[in-house]
Amino acid sequence: MNQERFKAEILPIRERLFHIARKILVEEQEAEDAVQEVLLKLWHMRDSLGGYDSPAAFATTVTKNHCLDR
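Nothing here was measured: the structure is a model prediction, and the numbers come from that model. (Residues numbered from 1 in each chain as written. Predicted model: local features only at pLDDT ≥ 70, side-chain atom pairs only at ≥ 80, totals over all residues. Heavy atoms only, no water.)

By convention here, two paired aromatic rings are described through the distance between centres and the angle between planes. This model, assessed by the stated rule, comprises two aromatic pairs. Ring geometry for Tyr 52 against Phe 58: centres 4.1 Å apart, planes inclined by 20°, an arrangement best described as stacked. You can call Tyr 52 partly exposed: its relative accessible area is 34%. Across from the ring centre of Trp 43, 3.8 Å away, lies the NZ or CZ of Arg 46, which sits over that ring. (Phe/Tyr/Trp six-rings, centres within 6.5 Å; stacked < 30°, edge-to-face > 60°. Buried < 20%, exposed > 50% of the residue type's maximum accessible area, 1.4 Å probe, protein only. Lys NZ or Arg CZ within 6 Å of the ring centre and 35° of its normal.)

Shown next as structure tokens:
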């Protein structure tokens with residue numbers, strides 16, 4: 001996945017990821033930090049994101065799991 005596709009598919013769902021993180025973590029700042037960490041993680045693995053049918057669904061799952069691990 002190149003930079004343009006990442007911007008088009010992953011960054012627009014940032015708010016949805018934040019809402020998921022906020023429901024799990026409760027505190028706004030902690031949720032924002034979690035989303036930033038997830039976006040960075042997704043950016044580092046962007047080359048393999050193209051292999052998923054829905055990168056947005058994968059990002060949602062990664063966010064949920066990351067927040068539960070915290």
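Okay, back to it.
A few words on the pattern of salt bridges. Scanning all chains against the criterion turns up five salt bridges. Close ionic contact of Glu 9 with Arg 5 constitutes a salt bridge, the shortest N to O distance being 2.6 Å. Pair noted here: Glu 9 and Arg 5 are both in helix α1 (residues 3-9), with a separation of four residues, about one helical turn. Of the charged contacts, one joins Glu 37 and Arg 70 as a salt bridge, the two residues approaching to 3.0 Å between their closest N and O atoms. With Glu 37 in helix α3 (residues 28-44) and Arg 70 in the segment after α5 (55-69), the pair connects residues that are 33 residues apart, well separated along the chain. (Salt bridge = Lys/Arg side-chain N within 4 Å of Asp/Glu carboxyl O. Helix = DSSP H or I, 4+ residues; strand = E, 2+ residues; numbered from the N terminus.)

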